[in-house]
Amino acid sequence: AKCVDIALSSCTDVAYTQTRYPNFLDQKSREVIEYSSEYILISVLHNLLQGECNPDLRLLGCSVLAPPCEKDKVIKPCRHVCENLKKDCLAAFDAIDMAWPYFLDCDRFFAGEEEGCFDPLAKLRGEVYVEEDLPSDLPATFIRFKHHSYSQMVSMLKKTAAKCSHIATTYSIGRSFEGKDLFVIEFSTKPGHHELLKPEFKYIGNMHGNEVVGRELLIYLAQYLCSEYLLGNPRIQTLINNTRIHLLPSLNPDGYELAAEEGAGYNGWIIGRQTAQNLDLNRNFPDLTSEAYRRAGINGARLDHIPIPQSYWWGKVAPETKAVMKWLRSIPFVLSASLHGGELVVTYPYDYSRHPTEEKMFSPTPDEKTFQMLAKAYANAHPVISDRSELRCGGNFVKRGGIINGAEWYSFTGGMADFNYLHTNCFEVTVEVGCEKFPLEEELFTIWHENRDALLNYMEMVHRGIKGIVSDKFGNPIKNARISVRGIRHDVTTAADGDYWRLLPPGTYIVSAQAAGYSRVMKRVTLPAKMKRAGRVDFVLRPAESWPSKLLRRSMEDAYDPYDPLELFDPHAQHGQPEARGGSPPGREKPWWWSYFSSLDLHKPLWLLKQ
């Protein structure tokens, strides 16, 4: 038997190109495999398990039905990969009353590492890329300005984190629809942990798959932060020592792959923009802006921490979107920016017009002055955005200083920036980093130098305003206390350790702290114009004799719904245990999923029925 090309539609994304017949199940041709119950199963598993454990299970199945072939010899998949996946996913099969597939028998069709096996899931983790050899005498600050594939990106992030292991780590916030990890590299003096009073900052790139500049900028920024910290750069050391920084270079790695097939220099506006589900991630978040406009006319109604409406979950929500929302709940982010492409301008909320029929209407948040300060911090540090010439990319925004209210530029709903502001404490702007969405590699060096100082300057803005701790008279931290600023109808809340951060421009403010069961405490705060770090304002709350009923009612109204799909969502789609579905006991009638195999006459998968 000779190695032949894989021609199975459900196995086109495996990390190899050739297989050999017969396979481990003694299926002697591609046609036999395609009409088998085993192949039909791996093709529909994503639907049967509602996205859980996929594409992992499909790739594992492909490694048995169409194992890799090299020099006319087949290689068995690794047993430990099968065992780990079975441990994680068996509960999902139990939940739909389905037996573990016989052809995924870890002892029968898989091999140990000592036998020379291969890992069929390595591609998902970006482990199949082999870094090309570079000269050993390169300086520590060397950055190669190139486009990075998914595996190259993951490799570079992990390599950077290993180089600076005392201040950096990588983690995944979840998976894309096609199963790629959404990798983040984090910089902090205590990687992996929130530290008291240390603000959390994030950059997100490549939300639209064909807008790749942000993706590359964040890969370069990670390398720059690491090397400059090691070299003793005081600006970088101060930034990392006092900030927890999270960089997510690619939120839409599936879309990027489509765009990359067109090649650099392709300035497309459609191909690769959306996810593998054909969803625009920057239109996929809950529309809380409409609710904020509705509440604005109600005396005493809150315009912050607005809960997600149940109706939102009736639509199609991308796993990438859910992963970001879970991320926002797990870390008390203070400041953020999403890097896009196609223009040269910084936009800020609201992105959705206060009048739905107006496509271009100035629609400010209660924090208009703060958002202008943040947007200008990036724009003024960017040599091209701050250039007064109108005959250039982004020239339309010169008279506005290179910044614009999002809805005044063009209105859209379901944006990530509005969601950050209205559902969490986080302030987010959108940076359009260039008029070319997918520039040539020779342009990347210039683009990096145009954006480097702006990226740093914006990160440093996380230290503007005030910060502090809210505690009771015994020094115990108070979680979810509300920090209010008179004249600004938008509060922030304290994190689990009682610490908070409130971004504010220079000025004098009346700031108050309150929490259920405690009396309100007010303080007068002055922030000088030249002050470059957050002022420390702590609050000690004392028990109240009676809590105002209107405030108690308001806090109850804004609590998360007891049934919260986001709480049940596992962004990694491997470890969740879905709720058991109803159904008749085995043997009395076939399970609901049996209809998927109705096209098979003689070879129905009786091995999937539990005995």
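Quick caveat: nothing in here was measured; it's all calculated off a predicted structure.

Chemist: Would you mind going over the domain arrangement of the protein chain with me for this structure?
Modeler: Split into domains, the protein chain comes out as domain 1 (4-127), domain 2 (150-463) and domain 3 (466-545). If you average the C-alpha positions of domain 1 and of domain 3, the two centres end up 55 Å apart.

Chemist: Mind showing me how you'd approach the state of the cysteines here?
Modeler: Two cysteines, two sulfur atoms, one covalent bond between them: this is a disulfide. As enumerated under the stated definition, the model contains seven disulfides in all. Bridging Cys53 to Cys89, the disulfide has an S-S length of 2.1 Å. A torsion of -110 degrees about the S-S bond marks the disulfide between Cys53 and Cys89 as left-handed. Note that Cys53 is positioned in the loop between helix 2 (37-48) and helix 3 (56-65) and Cys89 in helix 4 (residues 79-95), a separation of 36 residues in sequence. In this pair, the class of Cys53 matches that of Cys89, namely buried. Across a sulfur-sulfur distance of 2.1 Å, Cys82 and Cys106 are joined as a disulfide pair. Residues Cys82 and Cys106 share a disulfide whose torsion about the S-S bond is about -75 degrees; that sign makes it left-handed.

Chemist: Can you walk me through helix 7 (residues 234-242) in this structure?
Modeler: Counting along an α-helix, one turn takes 3.6 residues, and residues three or four places apart therefore face a common direction. Buried within helix 7 we find Ile236, Leu239 and Ile240. Buried residues of helix 7, viewed axially, fall in a sector of 90 degrees; they line one side. Taken together, the buried residues of helix 7 touch strand 6 (181-187), helix 6 (213-231), strand 8 (244-248) and helix 14 (444-460).

Chemist: Is there a simple way to explain the nonpolar core in this structure?
Modeler: As a rule of thumb, soluble globular proteins bury nonpolar side chains together. Ranked by internal contacts, the top residues of the largest apolar core, which has 97 residues, are Phe187, Tyr203, Leu221, Leu247 and Leu374. Among the elements that take part in this core, helix 6 stands out by supplying 11 residues, more than any other. Both domains that meet at this core, namely domain 2 (150-463) and domain 3 (466-545), each give it at least three residues. Setting aside residues up to four positions removed in sequence, Tyr203 forms contacts with Leu218, Leu221, His246, Leu247, Leu248, Ala337, Leu339, Tyr378, Ala454, Leu455, Tyr458 and Met459. Ranked by size, the runner-up nonpolar core spans 50 residues in total, among them Cys11, Leu65, Cys78 and Ile96.

Chemist: What's the story with helix 2 in this structure? I'm lost.
Modeler: The end-to-end C-alpha distance of helix 2 is 14 Å, clearly below the 16 Å that 12 residues give at a rise of 1.5 Å each. Most of helix 2 is tucked away, with nine of its 12 residues classed as buried. All of the buried residues along helix 2 are Ser37, Glu38, Tyr39, Ile40, Leu41, Ile42, Val44, Leu45 and Leu48. As for helix 2, its buried residues are in contact with helix 1 (30-34), helix 3 and helix 4. Among the residues trailing helix 2, Gln50 stands out with phi positive, at a value near 55 degrees.

Chemist: I keep staring at the sheet that holds strand 7 (residues 200-205) and nothing clicks. Help me out?
Modeler: Each strand in a sheet pairs with another by means of backbone hydrogen bonds, the pair being arranged parallel or else antiparallel. Ordered by their spatial adjacency, eight strands build an open sheet running 5-6-8-7-9-12-10-11, and the pairing between neighbours is mixed. At either end of the open sheet lies a strand with only one pairing partner, and these are strand 5 (168-175) and strand 11 (403-405). Put simply, the sheet's adjacent strands are angled 25 degrees from each other on average, direction ignored. Relative to strand 9 (residues 333-340), strand 7 is paired through six bridges, and the arrangement is parallel. Bridging across to strand 9, Tyr203 finds its partner in Ala337. Across the sheet, helix 6 touches strand 6, strand 7, strand 8, strand 9 and strand 12 (427-434), and the angle it forms with strand 7 is around 140 degrees.

Cut-offs used in this document
- Residues numbered from 1 in each chain as written.
- Predicted model: local features only at pLDDT ≥ 70, side-chain atom pairs only at ≥ 80, totals over all residues.
- Heavy atoms only, no water.
- Domains from an automatic or database assignment.
- Disulfide = S-S within 2.5 Å.
- Helix = DSSP H or I, 4+ residues; strand = E, 2+ residues; numbered from the N terminus.
- Buried < 20%, exposed > 50% of the residue type's maximum accessible area, 1.4 Å probe, protein only.
- Arc of directions from axis to C-beta.
- Contact = heavy atoms within 4.5 Å.
- Core = buried A, V, L, I, M, F, W, Y, C linked by side-chain atoms within 4.5 Å.
- Expected span 1.5 Å × (residues − 1).
- Pairing = 2+ DSSP bridges.
- Axes fitted to C-alpha atoms, helices over the stretch in contact; angles between N-to-C directions.

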